[in-house]
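Structure at a glance
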Amino acid sequence: MPIPNLELSRIYLTIWQSIIGISDRELDVLAEILDKRRELVNDGLKEPYLSEYLFNTKSRKEYCDRLEITTFNFQNILSALKKKELLIEGEDGAVTIDERLIPVTELTFNFIEE
């Protein structure tokens with residue numbers, strides 16, 4: 001039975017929660033962002049445009065609406081995640097997600113002949 005994407009993100013982050021030191025609310029925000037990322041990647045979007053869409057004004061409003069939080073609260077959570085280096089802001093201002101937080105959904109095996 002397949003697990004819905006948002007639930008998959010929550011489960012994955014819950015496993016890491018105590019290791020990376022995030023609150024429940026930070027986990028909620030990251031799960032929403034990861035879910036949106038998965039949706040955009042499935043639609044074929046790649047960097048640098050992926051990060052732009054993940055953190056543009058429209059997407060931020062969607063996150064706030066879904067999480068039922070204010071923009072101010074959302075910004076504070078993003079700042080906390082940046083301080084923890086889970087969201088990384090580049091010199092150009094683009095925000096990316098720490099690669100360790102992105103769930104790997106497939107494995108590739110290479111067989112070596114001896």
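Refer to the structure above for everything that follows.
Residues numbered from 1 in each chain as written. Predicted model: local features only at pLDDT ≥ 70, side-chain atom pairs only at ≥ 80, totals over all residues. Heavy atoms only, no water.

As a further point, take the packing of helix 2 (residues 24-42) against helix 4 (residues 57-67). One way to put it is that helix 2 packs onto helix 4 with a least axis distance of 11 Å and a crossing angle of 130°. With respect to helix 4, the element helix 2 is oriented oblique. Crossing of helix 2 against helix 4: the hand is right-handed. Facing helix 2, whose interface residues are Arg-25, Asp-28, Val-29, Glu-32, Ile-33 and Lys-36, helix 4 presents Ser-59, Glu-62, Tyr-63, Arg-66 and Leu-67. Taken together, the residues of the contact of helix 2 with helix 4 break down into four nonpolar, one polar and six charged. (Axes fitted to C-alpha atoms, helices over the stretch in contact; angles between N-to-C directions. Helix = DSSP H or I, 4+ residues; strand = E, 2+ residues; numbered from the N terminus. Parallel < 35°, antiparallel > 145°, perpendicular 65-115°, else oblique. Left-handed = near helix turned anticlockwise from the far one by under 90°. Contact = heavy atoms within 4.5 Å. Nonpolar A, V, L, I, M, F, W, Y, C, P; charged D, E, K, R; others polar.)

Moving on, we get to the pattern of salt bridges. Scanning the model with the defined rule gives eleven salt bridges in all. Notably, a salt bridge pairs Arg-66 with Glu-62, separated by 3.3 Å at the nearest N-O pair. Here Arg-66 pairs with Glu-62, and both are found in helix 4, just four residues apart, close to one helical turn. Of the residues examined, Arg-66 reaches a relative accessible area of 41% and is grouped as partly exposed. Each of the salt bridges in this network shares a partner with another, and the network as a whole consists of Arg-10, Arg-25, Asp-28, Glu-32, Lys-36, Glu-62 and Arg-66. (Salt bridge = Lys/Arg side-chain N within 4 Å of Asp/Glu carboxyl O. Buried < 20%, exposed > 50% of the residue type's maximum accessible area, 1.4 Å probe, protein only.)

Summarising the element assignment, Asp-98 is placed in the segment after strand 2 (95-97). Within the local environment of Asp-98, its side chain forms a polar contact with the side chain of Arg-100, the two groups lying 2.5 Å apart. With residues up to four places along the chain from it excluded, the contact list for Asp-98 reads Glu-85, Leu-86 and Ile-88. (Polar contact = N/O pair within 3.5 Å; in protein donor to acceptor, adjacent residues only side chain to side chain.)

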